[in-house]
Every structure is written in C-alpha cells, then in structure tokens.
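For reference, the chains in residue letters:
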Amino acid sequence: MATLSAAPRETIDLFGPHLSYPTGLRLDTSEAPDRVVKTHCCFCGQQCGIQLKVKDNAVIGFEPWEEFPFNRGMLCPKGVRRYLQGAHPDRLLTALERDAASPGGFRPLGYEAAIARVAAEIDRIQAAHGADAFAVLSGASLTTEKTYLMGKFARMCLRTANIDYNGRLCMVSAGAANKKTFGIDRSANPWSDIPQAEVVLIAGSNVAECSPITTNYVWQARENGAKVIVVDPRITPIARTCDLFLPVKPGRDAALFNGILHLMIEHDWIDRAFIEQYTVGFEQVAQYAKQWTPRHTAEVTGITERAIQEAAELWGRAQSSFLLHARGIEHHSHGVQNVLSAINIVLASGRIGREGCGYGTITGQANGQGGREHGQKCDQLPGWRDIDNPEHRAHIAAIWGMSPDDLPGKGVDAYEIFRKIDRGEIRGLLSICFNPKVSLPDNDFIGRMLDKLDFYVAIDFFLNESARHANIVLPGSLQEEDEGVVTSAEGRVIKINKCVDSPGEARQDWRIIQDVAQALGRSRGFTFESPREIFDELRRASAGGVADYSGITYEKVERQMGVFWPCPDEEHPGTPRLFEAGSYNPVAKGAGPFYFADGKARFNPAPYAPPAEDVDADYPLMLTTGRVISHFLSGTQTRRIGPLVDQYPEPRIELHPQLASQLGIHDGDWATVESRRGSCTLRAQVVQTIRPDTVFVPYHWAGAKSINQVTIAAQDPISKIPEYKVCAVRLRRTDAPPQYAQELEPQQ
Ligand SMILES: Nc1nc2c(c(=O)[nH]1)N[C@H]1C(S)=C(S)[C@@H](COP(=O)(O)OP(=O)(O)OC[C@H]3O[C@@H](n4cnc5c(=O)[nH]c(N)nc54)[C@H](O)[C@@H]3O)O[C@H]1N2
Ligand SMILES: Nc1nc2c(c(=O)[nH]1)N[C@H]1C(S)=C(S)[C@@H](COP(=O)(O)OP(=O)(O)OC[C@H]3O[C@@H](n4cnc5c(=O)[nH]c(N)nc54)[C@H](O)[C@@H]3O)O[C@H]1N2
Ligand code: SF4
Ligand SMILES: [Mo]
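Just so we're clear, the structure is a prediction, and the values are computed from it rather than from any experiment.

What counts as what
- Residues numbered from 1 in each chain as written.
- Chains lettered and ligands numbered in written order.
- Predicted model: local features only at pLDDT ≥ 70, side-chain atom pairs only at ≥ 80, totals over all residues.
- Heavy atoms only, no water.
- Pairing = 2+ DSSP bridges.
- Helix = DSSP H or I, 4+ residues; strand = E, 2+ residues; numbered from the N terminus.
- Axes fitted to C-alpha atoms, helices over the stretch in contact; angles between N-to-C directions.
- Contact = heavy atoms within 4.5 Å.
- Near = heavy atom within 4 Å.
- Polar contact = N/O pair within 3.5 Å; in protein donor to acceptor, adjacent residues only side chain to side chain.
- Areas by Shrake-Rupley, 256 points an atom, 1.4 Å probe, with all protein chains shown as cover.
- 1 Å grid on protein atoms, 1.4 Å probe; cavity = no way out; pocket = protein on both sides within 12 Å on 5 of 7 lines; lining within 4 Å.
- Sits in = over half its atoms within 2 Å of the grid points.
- Domains from an automatic or database assignment.
- Points joined across faces, edges and corners; volume = space filled by probe spheres on them.
- Nonpolar A, V, L, I, M, F, W, Y, C, P; charged D, E, K, R; others polar.
- Buried < 20%, exposed > 50% of the residue type's maximum accessible area, 1.4 Å probe, protein only.
- Arc of directions from axis to C-beta.
- pLDDT = per-residue confidence, 0-100.

K.L.:
What's the story with the sheet that holds strand 16 (residues 321–325) in this structure? I'm lost.
P.N.:
Consider a sheet: its strands pair through backbone hydrogen bonds, and that pairing is either parallel or antiparallel. Pairing is parallel across the open sheet formed by five strands, whose spatial order is 14-13-12-16-17. Two strands bound the open sheet, and with one partner strand each, they are strand 14 (244–246) and strand 17 (357–361). Across the sheet, the axes of successive neighbouring strands diverge by a mean angle of 10 degrees, strand direction being ignored. Two elements, strand 12 (residues 199–203) and strand 13 (residues 227–231), share five bridges in a ladder whose sense is parallel. Within strand 13, the residue paired with valine 199 across the bridge is lysine 227. Running over the sheet, helix 6 (residues 212–223) touches strand 12, strand 13 and strand 16 and is turned about 145 degrees from strand 12.

Take a look at the structure:
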C-alpha cells in the first residue's frame, strides 16, 4: 500500500494555526502504481496533459504524458507537485458546523444533518426575504458539467437571479471585448499558430510564470525568426528574452494601442481590403486615434517615442502575427477598453483567421474558458446564451422543463453581491470553489460581509479563509476525484478523468448540489447519476448556441485528444481556428467570418482614461499585483504543498533600486505599503526589473499578508472586473516586524 510518511513532521506555522503545512510530508512514489490515469493538471488554464500514478485509492505521483499535443509532457513546478495535496492532513473529511466552543471554531457534523440544515436555512431565508435574498458564488476551476449544474441549480432550484462566479475577477474584460468585436468569446487560434507568426506581441502577461507552456510556443516562434514584443511595467522572464520591451505605466495600455494604430494608419501599414470587406466602424476608431501622436502616447504611457515607433513598425509591416494578452491589460476599471484597443490593431492589420495570424486571450483558471460559457455568469444561460433574450430563455426553459416566465432574470456581479449583503438585500450565500475573502479587492469589507450573512455555506476540500466565516462547510471533491470536461486556453475541450474516490464523508461536488436540491424537495432536474448524464444535457442545452458542444462526446475528446468548440454534430471535427473561410458559424450563416448576422467584425472606439485612483502627493506610487510561479490564486492549495512554499515562502514587495534608495529601504527590510483602504507590511525585494514609479506584490496569501487589504474595489463599468492592476499607494520602511513575523520567531 502507498505509504505516507509524515515524519519528520516539522510544522511551520506560516499564518496562524490553520495554515501550517507539514514540510516533511512525502509520499513514497518509488512503489509501482496500480494504474496510471491520463488526465490534466488541476491548476491553470494551460491544462497540461499529465498521467497520475494511482495506488490503493491514492494519487502517489505522476508521469509525463508526452503524446498530449499541447504540452508534450512538459509541466511547470505546480503541475509536478499537485499530487501532494490529496494526502494533506487539512483535507476536509466531514461536514463542519460553526461552533465557537470547539477548537478552530467548528465541530464535525454528519453529512445528512448538514444538508438538512442548509436546505432549512435556504427555505427560511427565501420565505422571509424572497428568492433573490439567497445568492450563489461559483468557480471556474470546476468542470464544465459542474458549472452548468450550478447555473441550473441557482435558476431552476433556488429561483434566484443572484449567481455569479470567480471568473468575474479574471476573464470578463476579455470576454466582453471579444463579444463586442467578434461576437464570440474564445481565443481565435490554436497555439500551434504561434510559432508560425513573424511577430508575437504579448501584453500584460507574465507568460513564463503564469502560462509556462506558452513560453515554449513563443520561443519556437523566435527560433523561426519571429520578433517578440512585450508590454509590461515589469521586465518579466519572457521580457528578458524579447526583442522589444515596452515598460508601460500601469493602466495606460489603451493609450499605447491607440498610439500604435495612429502610426499604422499614418504609414499605411493597414489592410484596407480586409477592413473594407470584413469589418465595420473603422473610420470612427481611426478618427479617435488621430490625437495619439507618438509624443502624446509617450507622455501618457511612459514609453519612449522611439520604442512606440519601433513597435508600430514591427507590428505594422509584419506578414503574420499573434497577439496575446492576459490580466495585465484586463484587470482595470478600463479593462474592456484596453482589450478593445489591442484587438483594433489586430483587425486593422487584417491578420486573423489564417494560419500564423492570430489572437488569443490567455485564460487563467483551470476551466477559465469552459467556466464562462454555460450559465454560471449572472447574465448568461448555457451555450453562451443571453438571459435577457426571450428566444434563449425559451430554449433553455424547454430543456429544463419549466416555463420561461419562471426563469429568473439577470443577477448582479460577484462584488455587487457583497454590496447587496451590506444593504441587507442578500441574507444567505452558498459558495463553491471561490475564496472571496482573499481574492476580492478591499477585502476587509468582504470578511465583514461574510459575517453579516444570516447563513453562509461553503463547499471546498480545504477550509479556505472565506469558509472560516461559514455556518456550514460541506466537504467537496478534488479534481482527481471526479470526471468531466474543461476547456483550455486554446478553446480545446478536454477530459478530466477520475483517479480516486473522495475520502471520508467528502462527496463529488455535483452530488452535494443535488443532495441540497433533494432536501429542498425540488429534486426534479437534479437526479443525474453521473457527469456524463450532465454533459449529455449540457450538449443539448448548448445546441444552436455560439458555444455549441452538441457534437462533442467523451469518446471523441479522448480519441482526438481534445475537440475545439463550436462543434455542432458528431461528424464535425471541431473548430481549432475561428473566422476561417468556410468554418462553422451559426450566426453569420455564410455572410462572413465573424459571429454577427452580417459576418463582419466590429471596430470599437477604445478611448483612454486614467485609472480610477491616480497617484497624488499623499499616495505617489502605483501598486500592481499578480502572481509568482509556485503559487496558485488565493493559495488554498499551493500554500499547503511544502516544496512550493519552500520555493516562494511569503509575499514580498518588489521595488526598483532608485525608489529603494529614495526611501531608505534595503533588500530584505520590512516595508509597509499603504493605500486609502488599508496597509500591508512585507519584506522588500529590490529588483532592477520594475518601473521606479511602481511596486508589485503577489496576492496568494491571506490575513496580514494579503495585498487585497490595499487594492481598490473600482470596477470596469461593462465587465465589472476589479482594478487589481493599479491603485495609488505610499511605501515606507518599517523597523518593527509585523505581528505575524514575531509569532514566527523561534521559541527559546
Ligand atoms: N503561477 C501561477 N500561474 C497562474 C495563476 C497563478 O495564480 N499562479 N493563475 C492563473 C490565472 S487564474 C490567471 S488569471 C493567469 C494570470 O496570468 P497573467 O495575467 O500573466 O498574470 P498576472 O501576474 O496577474 O499579471 C500579468 C502581468 O501584468 C503586468 N501588469 C500589471 N499592470 C499592468 C498594466 O497596466 N499593463 C500591462 N500591460 N501589464 C501590466 C504585471 O507586471 C504582470 O507581469 O495566470 C494563471 N496561471
Ligand atoms: N490582488 C489581486 N487579486 C486577485 C488577482 C490579482 O491579480 N491580484 N487575480 C484575480 C483572479 S484572475 C482570479 S481567477 C481570482 C481567483 O480567486 P478565487 O477564485 O477566490 O481563488 P481560488 O484560490 O481559485 O479559490 C478557489 C477555491 O476553490 C477551491 N477549489 C478548487 N477546485 C475546486 C473543486 O474542484 N471543487 C471545489 N469544491 N472547490 C475547489 C480551492 O480549494 C479554493 O479554496 O483572484 C483574483 N484576485
Ligand atoms: S499549472 Fe498550468 S502550466 Fe503548470 S503544469 Fe499545471 S496546467 Fe501546466
Ligand atoms: Mo484568473
């Protein structure tokens, strides 16, 4: 049997009692496995193929899966350590009920009793305050089957309008801009087009740390002679090997892209025939770009005129190109405008919908793509349908066997749910696969709102920091304990395969949701026996929609190593490259390549506006936040994987030597970064790789180490994404170490 050696169990208390991790935890992986299961990594949207070694109902290690076309056996440090979390002693094995008298504030509760309590509280709250007073927050690390079920559960079982998901913090600016421009929300090309491009432009994406496998595609392009342009306030690892680096001031990307478009038009580096035939709205966009002369662009963006000209020339004169962006341009109160401005230079070049001519928004969460297609967004129904559209409502209501009149309307976004809690309009909350107390901005407010709820139930496999505020915690499943599909950054639908059963009283997430529906006495529509049954309904629900999965089957996914949607029937091979002549397009129906009735893409004016909170005399620096390679999101999982913690044990404030010397801060000093919302004291890391007017802090930690105490809750008016990438702060050296560091001092 697989041996779990807990010794030497040196426990480092990183955060207080609940976030310790046993550094000595090692599984003996030398033993021969019973089985090896082909599946995918549980972490980021690259969704690398991996083979998990299974013995006696435990995942004991991994082997590369070299045939899987996307990553060909390559994995990053998180992927190779993921198997260590299953055996972690913090794994939730029973339901928990809040109980102040018990150690840790919770006591175990039988699963059935916990479900009964959840149902009773939902009934009570909805009877007293209306259906919408109970809200649901879901997640994009869940399989697509589960995300579909969550949307159905909220609308059909709870009849609440208020469901939203953590992709609201992630992909929605890209999604909204893609919808406005192309009429479809998916990366336009498979990644195999990247190495064929003459120019690769990467904006606001720390590719090497956050989408590590994509690095390989970019390097292949360079080997083929491509020029790589990177736009980032920091010289990230990919920027260190690029041909042209544009050190943009945080929040100024729309100015940069309008400036590039200005030069493209001036030098006639645009594809007039393409613009004429396949787009509308160019004149208006060109008119706006007139004011973005190189000088004006340089003043606003902090990039030299020469570099802007060089970028425009490289991009403008290329015969083939690929533009990639991620949260660096999207996490802004003008995130949608930033993305639109980037897409405008793609459309103006006419380089899309062909081999080596592409555009992609790099998805973040494991199912960042699939999780935004099938109805867990507050305004969406399955198949990327619109909850306000009567035809779409009728289609989904028919699949669910209900009257369209009974389907709730549009709900509010994830942050607004907390504002509604503040106003007393939402009284109860069920969250799954979401850790808002760590991941939402200005998170002191979030903690208070979780406490204000009459009833809060969280479903997770670890007691994350938000779940610590719950009345009931239900023990959910790890990715390897279930099967289902997810959709990767490329738009490729792939299959997660089950390796082990959930331990103790933990259950597969979809079973928990159905148990709640049953306890509410509303089990109709929630009697699926397997993910496959859910998927079959999802396929029917998505049929005819833009995100059409109706021709995708589990078998076909396995056979083809993934199927790109849309895929309208079982004979159809899927659609790796969108907007190609003759490719399936149910909206344009032959009128043209893009997903509008006339088949034409839309240029959208993308006016620049400064960030919601600009610097001033009191708060003279810009704070930007993001990630490091060895941690994932709110850290619930990776802060429990010893080797990953060893690699990057705690957050640091990155600052430039020039700023450090002005402030008298040395590398390794304690420093306090402070905004109008809050402050955070961490060690300083003096680096040459950041703009001197900007500081960077990764956000994977909770409590006193959470940088979301400092960030701003400003949101994009269209996408509602929070402005994580820029707010005004001040920084000072701090002589006294923070409380948490004193607690770490060795006991004499
Ligand atoms: N290791 C690791 N990988 C991950 C994740 C993780 O937590 N850890 N999370 C996954 C998820 S959910 C996501 S969303 C992706 C995120 O992937 P990325 O978006 O690549 O990661 P971030 O660190 O959020 O931000 C990217 C870059 O934006 C830059 N930036 C900041 N402000 C601006 C700006 O105003 N303009 C521009 N142009 N750049 C700016 C930052 O310096 C940073 O280098 O990563 C996924 N992969
Ligand atoms: N300052 C700052 N804040 C940010 C960002 C930033 O760049 N800067 N980035 C934002 C982005 S892009 C994102 S995506 C969000 C992410 O923010 P969150 O979604 O809150 O972060 P996660 O860590 O993914 O939280 C997910 C929880 O789901 C659990 N979980 C994972 N898989 C499963 C599953 O299959 N079943 C169940 N039941 N539970 C599961 C995990 O244990 C974890 O507790 O953070 C955002 N917050
Ligand atoms: S975290 Fe992302 S890049 Fe790393 S192995 Fe997993 S899927 Fe691949
Ligand atoms: Mo994300």
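K.L.:
Is there a simple way to think about the site of ligand 2 in this case?
P.N.:
In the vicinity of ligand 2 there are 30 residues, among which Asn166, Ser439, Asp460, Ser634 and Asn708 approach most closely. Within the side chain of serine 634, a nitrogen or oxygen atom sits 2.6 Å from an oxygen atom of ligand 2. Here a nitrogen atom of ligand 2 and a side-chain polar atom of asparagine 708 are 2.7 Å apart. Relative to its free-state accessible area of 920 Å², ligand 2 is covered by the protein chains to the extent of 98%. Placement of ligand 2 is best described as lying within the largest cavity. Secondary-structure elements contributing two or more residues to the shell around ligand 2 are strand 21 (455–460) and strand 27 (621–626). Three or more residues apiece are contributed to the shell around ligand 2 by two domains, here domain 1 (95–169 + 368–481 + 497–506) and domain 3 (621–744).

K.L.:
How should I be thinking about empty space enclosed by the protein in this particular structure?
P.N.:
Unfilled space is identified by rolling a water-sized probe across the atoms. Counted according to the given criterion, the structure contains five cavities of 30 Å³ or more. The computed volume of the largest cavity comes to approximately 670 Å³. Elements that contribute at least two residues to the lining of the largest cavity include exactly strand 21 and strand 27. Broken down by class, the residue content of the lining of the largest cavity amounts to 17 nonpolar, 18 polar and six charged. The two domains that each donate at least three residues to the lining of the largest cavity are domain 1 (95–169 + 368–481 + 497–506) and domain 3 (621–744). Of the volumes computed, that of the second largest cavity is approximately 530 Å³. Mapped onto the lining of the second largest cavity, the elements with two or more residues apiece are helix 5 (207–210), helix 13 (327–330) and strand 27. Counted by class, the lining of the second largest cavity contains 15 nonpolar, 15 polar and nine charged residues. Counting contributing residues, the lining of the second largest cavity receives three or more from each of domain 2 (172–362) and domain 3 (621–744).

K.L.:
Sorry, what's going on with the sheet that holds strand 25 (residues 563–564) here?
P.N.:
An order of 23-24-25 is seen for the three strands of this open sheet, with the pairing classed as antiparallel. Both outer strands of the open sheet, strand 23 (484–487) and strand 25, are each paired with one neighbouring strand and no more. By the bridge criterion, four bridges tie strand 23 to strand 24 (residues 492–496) in an arrangement that is antiparallel. Across the sheet, residue threonine 487 finds its bridge partner in strand 24, namely valine 493.

K.L.:
Where do I start with unusual backbone geometry in this structure?
P.N.:
Negative phi values dominate among residues other than glycine, just as trans dominates among peptide bonds. The omega angle of the peptide bond from tryptophan 565 to proline 566 is 0 degrees, so this bond is cis rather than trans. Its place among the elements puts proline 566 in the loop between strand 25 and strand 26 (601–602). Positive phi, normally seen in glycine, also occurs at cysteine 433, with a value near 60 degrees. Mapped onto the secondary structure, cysteine 433 falls in the loop between strand 20 (428–432) and helix 17 (436–439). One non-glycine residue, aspartate 442, lies in positive phi territory at about 50 degrees. Checked against the element boundaries, aspartate 442 lands in the loop between helix 17 and helix 18 (443–452).

K.L.:
Explain helix 10 (residues 282–289) here, please?
P.N.:
Because an α-helix packs 3.6 residues into every turn, residues spaced three or four apart end up facing the same way. Looking only at helix 10, the buried set comprises Phe282, Val285, Ala286, Tyr288 and Ala289. One side of helix 10 holds all its buried residues, which, seen down the axis, span an arc of 160 degrees. In helix 10, those exposed residues whose orientation departs by more than 90 degrees from the buried face are Glu283, Gln284 and Gln287. Residues of helix 10 that are buried make contact with helix 8 (253–266), helix 9 (272–278), strand 15 (279–280) and helix 14 (335–349).

K.L.:
Whenever I open this one, the site of ligand 3 confuses me. Can you help?
P.N.:
Around ligand 3, the neighbouring residues are Cys41, Phe43, Cys44, Gln46, Gln47, Cys48, Leu75, Cys76, Lys78, Gly79, Pro212 and Ile213. Elements represented by at least two residues in the shell around ligand 3 include exactly helix 1 (77–81) and helix 6. In terms of residue class, the shell around ligand 3 is made up of eight nonpolar, three polar and one charged.

K.L.:
I tried to follow the confidence of the model for the protein chain on my own but got confused; where do I start?
P.N.:
Note that predicted coordinates carrying low pLDDT should not be read in detail. The predicted model of the protein chain averages 95 in pLDDT, with 95% of residues at 70 or higher. Confidence drops under pLDDT 50 across residues 1–26; counting only partners more than four residues distant or on other chains, this segment forms 63 contacts.

K.L.:
Sorry, what's going on with the side chain of histidine 325 here?
P.N.:
Structurally, the position occupied by histidine 325 is in strand 16. For histidine 325, the side chain forms a polar contact with the side chain of glutamate 330, separated by 2.8 Å. Excluding residues that lie within four positions of it along the chain, histidine 325 makes contacts with Ala174, Ala203, Ser205, Glu330, Val339, Tyr359, Gly360, Thr361 and Ile362.

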